[in-house]
Structures are given as structure tokens and as C-alpha cells.
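Geometric and topological summary
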Amino acid sequence: MKKWMKSLTAIMMAVSLISTAAPSAEAKSNLKGNIVINGSSALLPLTLQAASEFKKENPKVKISASAAGSITGPQSVRKGIADIGAVDWDASKNVPGFNKFDGLVANPVAVTVFAAVVNPNVGVSSLTTKQLQDIFSGKVTNWKEVGGSDAKIVVVNRKFGSGTRVNFQQKALDGKEFMNKGDNYKEVGSSGDMKTSIETTPNAIGYIDLPYVTSKMKALSINGVAPTEKNVLNGSYKVWGIGYYMTKGQPTGATKAFIEYIQSSKFQNGSLKKLKFIPLSAVK
């Protein structure tokens with residue numbers, strides 16, 4: 001009898017603990033608000049993942065995200081049609097080709113690694129800075145000139161206003177200009193469009209950030225150095241940048257909470273790393 005009573009007492013205590021813990025585990029925030037995000041397609045995978053996680057914890061917050069290129073981010077915030085402008089550079093400062101957006105605050109969210117990418121049929125795995133400059137300027141037009149097969153190079157470029165384009169031109173091409181016309185040249189409007197073009201166009205070369213690299217394309221080494229997190233952190237791979245969420249003044253309310261969620265160690269060392277971005281804290 002005593003043994004049975006002890007068992008019953010233990011069961012009742014366990015039930016009590018479960019019933020007490022359950023409400024806190026299922027507790028949802030009462031935070032409310034609408035967040036509109038526009039801008040960088042390179043940062044879009046991060047934005048969508050963070051939005052999905054954040055809304056589970058804050059079901060009364062509505063988040064909508066679109067990506068028409070980095071320059072549209074701060075432009076949309078300045079016009080008042082977006083709360084957050086996702087940009088692949090600090091738009092509160094002047095950068096080559098773009099003036100700063102006065103009154104906007106740059107909130108860093110991730111380190112993005114950019115890579116030169118080719119269609120799998122291209123027979124090269126590494127190019128030098130000079131070779132990249134010659135290819136993207138139109139000086140070199142056949143893969144055999146850089147150690148590949150005898151095939152015409154198809155150059156795929158991002159449209160002006162792309163943050164990926166800004167980073168790649170400044171850091172992979174040392175600021176050298178792109179070609180802008182020709183029957184072996186085309187421009188695309190987003191990272192998703194670049195991904196599709198490289199995957200489906202034989203002999204194509206372009207550039208993209210690591211979250212978009214798939215098994216249907218090849219990410220090239222530059223000067224013998226592969227585009228990896230390890231090589232960014234040891235300083236040998238230079239083609240990377242910090243992505244920002246631009247806001248009109250310091251963020252407040254739901255917008256502030258969302259940015260802080262992305263900047264939190266939980267997200268930075270979890271989903272952000274799984275998406276092939278690098279945590280802000282890892283780069284000095």
C-alpha cells in the first residue's frame with residue numbers, strides 16, 4: 001500500500017510539473033506591428049528565415065519582404081514605403097557609385113561571402129584577379145584563354161544598383177569596370193535570376209553569394225583561395241561584405257525587436273550559419 005501511494009505521489013508531482021511548465025513553453029509575445037522589408041536579394045534568404053522564426057514567437061507581428069536589389073532598400077525607407085532597407089553595403093556612407101542616404105541608420109545583420117560562379121561544364125576551378133578582370137571586361141572571350149575548353153564565355157552580370165555587384169566589382173575585380181554589351185553578355189535583376197542563369201547557361205560565368213550556390217554550379221577559387229568561411233576568417237579570401245538593415249533613425253517597436261532577433265547569438269550562431277552567412281561576431 002505504501003509503495004503504491006509513493007508511486008501515485010510521484011505521478012501527481014510529474015503531472016503538476018508538466019502542467020506548470022506547459023503554459024510558459026507555449027507563451028506568445030503580445031508585440032504587435034507591421035514590418036515591410038525591401039532591398040537586397042543576397043540577404044533575402046536570411047530575411048525570410050528570420051521572419052519565419054520571429055513570427056512564431058510574435059504571432060501578432062506581420063512581416064512582408066521583397067528583394068529588388070540593394071539600392072531599392074534605402075530608397076524605399078526614405079520614401080516611407082518600407083521600414084527596413086536590406087543593403088549589401090553601409091548606405092549611411094558614400095560608396096563608389098552611390099551617395100549616402102542621410103538620416104538612415106545602418107544596422108549590421110550578417111557577413112556575406114560572394115563568389116565567382118560558373119556553369120558546371122566550364123573546365124576551370126580557379127581564376128586570378130587579372131583573369132577575372134579580363135573576362136568581366138570582355139577582353140577575354142574564350143575559356144581556352146584561361147585554361148578551359150575551347151568555348152565562348154557567356155558573362156552574366158547583375159544590374160546597376162545590386163549590392164552583390166558593388167562588392168564583387170570592388171573586391172574581386174579591384175574596381176575594374178564591367179563590360180555592358182555584346183552577344184555573350186546579359187544582365188539579371190536578382191540573386192535568384194543569377195542562380196538560374198548560371199545553372200542553365202552552358203559556358204556562363206557570374207557571381208553570387210554563398211547561400212545561393214548549388215550543386216548545379218561551381219564556385220571558383222580566386223588566386224587559388226576558395227570562398228569559404230574559414231578563408232574569410234583567416235584573411236586569405238577578400239570577397240565578402242557586411243549586410244545591413246537600414247532604418248529611418250534608430251529602429252523602434254516591432255522593427256527594433258526583429259533586428260535584435262537577427263543580431264542575437266541564437267540566430268547568428270544557428271540559422272544564420274546554416275544559411276552560409278557568417279556571424280557578425282566572427283569578423284573583427
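In this text the structure is predicted, and so the values were computed from the model without any measurement. (Residues numbered from 1 in each chain as written. Predicted model: local features only at pLDDT ≥ 70, side-chain atom pairs only at ≥ 80, totals over all residues. Heavy atoms only, no water.)

**Side note on the overall build of the protein chain**
We count it as follows: Helical segments are the DSSP runs of H or I of at least four residues, strand segments are the runs of E of at least two, and each set is numbered from the N terminus. Classification of residues uses two cut-offs on accessible area relative to the type maximum, computed with a 1.4 Å probe and protein chains only: under 20% is buried, over 50% is exposed, and between them is partly exposed. Here a residue-residue contact requires only that any non-hydrogen atoms of the pair lie within 4.5 Å. Here the accessible surface of atoms and residues is derived via Shrake-Rupley with a 1.4 Å probe, and residues count as covered only by protein chains that are part of the display.
Secondary structure assignment for the protein chain yields ten helices and eleven strands. Looking at the 284 residues of the protein chain, the share that counts as buried comes to 49%. Contacts in the protein chain between residues at least 24 apart in sequence constitute 75% of all its contacts with a sequence separation of at least 6. When the accessible area of the protein chain is evaluated, it comes to approximately 13,800 Å², of which 54% is carbon and sulfur surface.

**Quick word on the environment of glycine 103**
Examined against the element boundaries, glycine 103 turns out to sit in the loop between strand E3 (84-87) and strand E4 (104-118). Along the primary structure glycine 103 and threonine 164 are separated by 61 residues, whereas in three dimensions their C-alpha atoms are 24 Å apart.

**Considerations on the nonpolar core**
Condition: The criterion is simple. A nonpolar core is a set of buried Ala, Val, Leu, Ile, Met, Phe, Trp, Tyr and Cys residues joined through side-chain atoms within 4.5 Å.
Ranked by internal contacts, the top residues of the largest apolar core, which has 48 residues, are Ile135, Phe136, Trp143, Phe168 and Ile205. Listing elements by their share of this core, those giving two or more residues are E4, helix H4 (129-137), strand E6 (154-158), strand E7 (185-188), helix H6 (191-200) and strand E8 (204-209). Top contributing element to this core by residue count: E4, with seven residues. In this structure, phenylalanine 168 is in contact with Ala115, Ala116, Phe136, Leu173, Phe178, Tyr207 and Val239, ignoring residues within four places of it in sequence. With 22 residues, the next largest nonpolar core counts Leu43, Ile63, Phe258 and Leu272 among its residues.

**Details of the side chain of threonine 247**
Formally: Any N or O atom pair separated by 3.5 Å or less is treated as a polar contact, with the protein-specific requirement of one donor-capable and one acceptor-capable atom, and with residues adjacent in sequence counted only for side-chain atom pairs.
Following the sequence through the fold, threonine 247 ends up in strand E11 (residues 240-248). Residue threonine 247 is classed as buried on the basis of its relative accessible area of 2%. Polar contacts involving the side chain of threonine 247 include one to the side chain of asparagine 107, which spans 3.2 Å. At 2.7 Å, the side chain of threonine 247 forms a polar contact with the backbone oxygen of glycine 249. With sequence-adjacent residues up to four places away left out, threonine 247 is seen in contact with Val77, Asp83, Ile84, Gly103, Leu104, Val105, Asn107, Thr255 and Ile259.

**What about the confidence of the model for the protein chain?**
Stated formally: A score from 0 to 100, pLDDT tells how confident the predictor is in each residue.
Per-residue confidence for the protein chain gives a mean pLDDT of 91, with 90% of residues at or over 70. Note on residues 1-26: pLDDT under 50 across the span, and zero contacts to partners over four residues away in sequence or across chains.

**Brief notes about the pattern of salt bridges**
To keep things clear, this is the line we draw: We count a salt bridge whenever a side-chain nitrogen from Lys or Arg sits within 4 Å of a carboxyl oxygen from Asp or Glu.
Considering all chains together, one arrives at nine salt bridges under this definition. For the salt bridge of lysine 266 with glutamate 57, the shortest nitrogen-to-oxygen distance reads 3.0 Å. Highlighted residues: lysine 266 in helix H9 (residues 265-268) and glutamate 57 in helix H2 (residues 44-57), separated in sequence by 209 residues. When its relative accessible area of 54% is taken as the criterion, lysine 266 is described as exposed. The partner of arginine 165 in a salt bridge is glutamate 187, and the shortest N-O contact between them spans 3.9 Å. Taken together, the residues span a long stretch of sequence, with arginine 165 in helix H5 (residues 163-171) and glutamate 187 in strand E7 at a distance of 22 residues. Exposure remark for arginine 165: the relative accessible area of 14% places this residue in the buried category. Under the relative-accessibility criterion, glutamate 187 is labelled partly exposed at 35%.

**Examining the pairing of strand E2 (residues 61-65)**
Which entries qualify depends on this criterion: A pair of strands is labelled paired if DSSP reports no fewer than 2 bridges between them. Crossover handedness is defined here as right-handed if the route from the first strand over the helix to the second strand goes clockwise, with the strands pointing away from the viewer.
Two strands pair when backbone bridges link them, and strand E1 (residues 33-39) and E2 are joined in this way by five bridges, in the parallel orientation. Within the sheet, the bridge partner assigned to valine 36 lies in E2 and is serine 64. For the crossover that starts at E1, traverses H2 and ends in the parallel E2, the hand is right-handed.

**With respect to helix H3 (residues 72-79)**
Looking only at H3, the buried set comprises Thr72, Gly73, Pro74, Ser76 and Val77. Next to the buried residues of H3 lie E1, E3, E4 and E11. Remark: glycine 80 follows H3 within two positions and exhibits a positive phi of approximately 85°.

**Quick word on the environment of threonine 129**
The residue threonine 129 is located in helix H4 in this model. Along the sequence, threonine 129 and asparagine 223 sit 94 residues apart, while their C-alpha atoms lie 6.6 Å from each other. Aside from chain neighbours lying at most four places away, what touches threonine 129 is Ala172, Asp174, Ile222 and Asn223. At a separation of 2.9 Å, a polar atom in the side chain of threonine 129 contacts the side chain of asparagine 223.

**Digging into the pairing of E1**
Of the strand pairs in this sheet, E1 and E3 are connected by three bridges, and their pairing is parallel. Its bridge partner being in E3, isoleucine 37 is matched across the sheet by isoleucine 84.

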